[in-house]
Amino acid sequence: MLRFLLRRTLGALVIILLISAITFFLFFALPSDPARMSCGKNCTADALAVIHKNLGLDQPIPVQYWHYMVGIFAGRDLPVGHCPAPCFGYSFSNQQPVWGTITDRFPTTLSLTLGSAVVFLTVGVGIGMLAAAFRGTWIDKFFSSLSLIGNSLQIYFVGVIALAVFVTKLHWLDNPAYYSLTDNPGKWFTGLLIPWLVLSIIFIANYSRMTRSQMIEQLSEDHVRTARAKGLKGRTVFFRYAWRGALAPIVTIFGIDLGSLFGGAIITEFTFSLHGLGRLAVDSVNQTDLPTLMAVMLVGCTAIVIANILVDAAYAFIDPRVRLA
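Quick caveat, the model's predicted, so the values are computed rather than measured.

Asks: I'm lost on helix H3 (residues 45-55) in this one. Help?
Replies: Owing to its 3.6 residues per turn, the α-helix aligns residues three or four sequence positions apart on the same side. For H3, the full list of buried residues reads Leu 48, Ile 51 and His 52. Buried residues of H3 fall within an arc of 105° about the axis and therefore sit on the same side. Residues Asp 46 and Lys 53 are exposed on H3 and point more than 90 degrees away from its buried face. Once H3 finishes, Gly 56 follows within two positions and takes phi at roughly 80°, a positive value.

Below, the structure written as C-alpha cells:
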C-alpha cells in the first residue's frame, strides 16, 4: 500500500511541475506586455524599462521560471521587498501579494467543490441504488427519466432559473454568497445551497445512471448469487456484496471528474457572483497577470492531484488487486 501511494505521489509531483512549466512559458507566447498595463497611458520607453526590471521581465524566461519556483519554497527578494515563502510574487495588476489573494479566495472554491461533491455523490449514488433495487418498476423509470433530463441541463441556465424561483419568487433563500464556516455555519450552508445543487445536477444524473448499471451488473455476479443461495438476507447481499463491488468504478470516475468539477466551479462562481479561484483565474487571464494566474493554476492543480491520490488510496482499499498490481 505504501509503495502504491509513493508511486502515485511521485507521478503527481511530475504532473504539477509540467503544468507549471507549460503555463509559465505559454504566458510569454501571448502578444500582450503585462508591463504596459502597469505603466499607464502616458508610458515612456524609460518608464517601461524600469517596470520590466521591477517585475523581473528583463531576464530570460527560463531564469524567471527558476526564480519563481525557488521562491515558492524558499522565498525571494523582489524590488518591492522580501517575499517570504510561499512566495508567488506580486500581482501585475494591483501590486498586492498573490498568496494573500489566494488564501482569501480559496475557501470559497473549496466549499463550493467539496459541498457539491458530497451532494452529487450522496444523491446520485442513492438514486442509482434505489433504481437498481426496484429495477423495471415505475420508480426505476421515473429516476431514469429524471437523469436524462438532468444530463441535458447547463449550469448557467439552471442557475438563473434557481435564482428566479427560490430567491426572487418564493423568497425561500437569500442571494448566494460565501460566509466563513467558522464564523456562521448556518449562513455558510444557506449561502451555498443553491450553487451546490446547480453544480451537482449534471453529476447527479451521470452517477445515478452509472450506479444503477453497476448495481444491476453486480447483482447478477456469481458471488452475489452464491450469497443468496446461502440464505443471506436480501439487504445484506445488496449492501455487503453488490454495493461494494459497484463502488470501484464509481470511485475511478470520481477521480476523473474532479477536474470537471473545478471547471464547473468557474461557471458557477460567475453565475452566482462568488469570488473564488475560478473567477480569479479568468480575471488574471484578462489582465495578463502572470503571478496570479500561475498561483491559481498551481493551487488548483495541487488540490486536484491530492484529491486523486486520496481517490487512488480509496480504490486500493476497495479492490485489493490494485495494491497487489
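Asks: Looking at this structure, I do not really get the nonpolar core. What am I missing?
Replies: Side chains of a nonpolar character, in soluble globular proteins, are inclined to be buried together. Residues Phe 120, Ile 194, Val 198, Tyr 207, Met 215 and Phe 254 are the most contacted members of the largest nonpolar core, which totals 43 residues. For this core, the elements supplying multiple residues, two or more each, are helix H5 (98-133), helix H6 (138-151), helix H7 (155-169), helix H8 (185-219), helix H9 (222-229) and helix H10 (234-271). Sorting elements by how many residues they give to this core places H8 first, with 13 residues. Excluding its chain neighbours within four sequence positions, the residues that come into contact with Ile 194 are Ala 162, Phe 166, Val 167, Leu 173, Pro 176 and Phe 272.

Asks: Would you mind going over the environment of Phe 157 with me for this structure?
Replies: Looking at the element boundaries, Phe 157 is found in helix H7. For Phe 157 and Thr 271, which are 114 residues apart along the polypeptide, the C-alpha to C-alpha distance reads 9.1 Å.

Asks: Mind showing me how you'd approach the packing of aromatic side chains here?
Replies: Centre distance and the angle of the planes are the two values used to describe a pair of aromatic rings. Under the counting rule described, the total for this entry stands at 13 aromatic pairs. Seen from their ring centres, Phe 166 and Trp 172 are 5.9 Å apart, and the 40° between their planes marks the pair as tilted. Ring pairing ties together the aromatic residues Phe 24, Phe 25, Tyr 65, Tyr 68, Phe 88 and Trp 99, which thus form one cluster. Its end group placed over the ring of Phe 270, Arg 279 keeps NZ or CZ at 5.3 Å from the ring centre.

Asks: How do you make sense of the pattern of salt bridges when you look at a structure like this?
Replies: A side chain with one charge can pair with a side chain of the opposite charge if their charged atoms come near. This structure, assessed with the given rule, holds two salt bridges. When the shortest N-O distance is used, the salt bridge between Asp 140 and Arg 212 registers 2.7 Å. Of this pair, Asp 140 sits in helix H6 while Arg 212 sits in helix H8, and the two are 72 residues apart along the sequence. Overall, the relative accessible area of 4% leaves Asp 140 in the buried class.

Asks: Would you explain the environment of Pro 185 in this entry?
Replies: The topology assignment puts Pro 185 in helix H8. Assessed through its relative accessible area of 47%, Pro 185 is described here as partly exposed. In the structure, Pro 185 is positioned 120 residues away from Val 305 in sequence and 28 Å away in space, judged by C-alpha atoms.

Asks: Any chance you could explain the packing of H5 against H8 here in plain terms?
Replies: To characterise two packed helices, one gives the angle between the axes of the helices and the distance between these axes. The N-to-C vectors of H5 and H8 enclose an angle of 35°; their axes lie 5 Å apart at closest approach. Considering the relative orientation of H5 and H8, their crossing is right-handed. Here the contact of H5 with H8 is composed, by residue class, of 22 nonpolar, eight polar and one charged.

Asks: How should the packing of H7 against H8 be read in this particular structure?
Replies: Relative orientation of the contacting elements H7 and H8 amounts to 145°, with a least axis distance of 9 Å. Between H7 and H8 lies a crossing whose hand is right-handed. Contact residues: Ile 155, Val 158, Gly 159, Ala 162, Phe 166 and Val 167 in H7; Ile 194, Val 198, Leu 199 and Ile 201 in H8. Among the residues forming the contact of H7 with H8, the class breakdown is nine nonpolar, one polar and no charged.

Asks: How should I be thinking about the state of the cysteines in this particular structure?
Replies: Structurally, a disulfide amounts to a covalent bond that connects the sulfur atoms of two cysteines. With the rule as written, the count across this model stands at one disulfide. The disulfide that involves Cys 83 links it to Cys 87, with 2.2 Å between the sulfurs. Because the torsion about its S-S bond is 115°, the bridge between Cys 83 and Cys 87 counts as right-handed. One exposure class covers both Cys 83 and Cys 87, and it is buried. Free cysteine Cys 301: the closest other cysteine sulfur is in Cys 87, separated by 19 Å.

Asks: For this particular structure, what's the right way to read the environment of Gly 255?
Replies: Residue placement: Gly 255 occurs in helix H10. For Gly 255, a relative accessible area of 8% gives the class buried. Spatially, the C-alpha atom of Gly 255 lies 9.2 Å from that of Val 305, the residues being 50 residues apart in sequence. With sequence-adjacent residues up to four places away left out, Gly 255 is seen in contact with Asn 308 and Val 311.

Asks: Looking at this structure, how should I read a nonpolar patch on the surface?
Replies: The grouping of Tyr 156, Phe 157, Ile 161, Val 165, Phe 166, Leu 170, Trp 172 and Ile 267 at the surface amounts to a nonpolar patch, some 800 Å² of accessible area in total. It is H7 that contributes the most residues to the nonpolar patch, five residues altogether. Among the secondary structure elements, Trp 172 is positioned in the loop between H7 and H8.

Asks: In this structure, what is going on with the side chain of Ser 116? I would like to understand it.
Replies: Here Ser 116 shows up in helix H5. On the basis of relative accessibility, which here comes to 0%, the residue Ser 116 falls in the buried class. Within the structure, Ser 116 has its side chain in polar contact with the backbone oxygen of Leu 112 (distance 2.9 Å). The residues contacting Ser 116, other than those within four sequence positions of it, are Trp 196, Leu 199, Ser 200 and Leu 261.

Quick notes on the rules
- Residues numbered from 1 in each chain as written.
- Predicted model: local features only at pLDDT ≥ 70, side-chain atom pairs only at ≥ 80, totals over all residues.
- Heavy atoms only, no water.
- Buried < 20%, exposed > 50% of the residue type's maximum accessible area, 1.4 Å probe, protein only.
- Helix = DSSP H or I, 4+ residues; strand = E, 2+ residues; numbered from the N terminus.
- Arc of directions from axis to C-beta.
- Core = buried A, V, L, I, M, F, W, Y, C linked by side-chain atoms within 4.5 Å.
- Contact = heavy atoms within 4.5 Å.
- Phe/Tyr/Trp six-rings, centres within 6.5 Å; stacked < 30°, edge-to-face > 60°.
- Lys NZ or Arg CZ within 6 Å of the ring centre and 35° of its normal.
- Salt bridge = Lys/Arg side-chain N within 4 Å of Asp/Glu carboxyl O.
- Axes fitted to C-alpha atoms, helices over the stretch in contact; angles between N-to-C directions.
- Left-handed = near helix turned anticlockwise from the far one by under 90°.
- Nonpolar A, V, L, I, M, F, W, Y, C, P; charged D, E, K, R; others polar.
- Disulfide = S-S within 2.5 Å.
- Patch = residues over 30% accessible without salt bridge, like charges linked within 9 Å, V, L, I, M, F, W, Y side chains within 5 Å.
- Areas by Shrake-Rupley, 256 points an atom, 1.4 Å probe, with all protein chains shown as cover.
- Polar contact = N/O pair within 3.5 Å; in protein donor to acceptor, adjacent residues only side chain to side chain.

That's the geometry; what it means functionally is another story.
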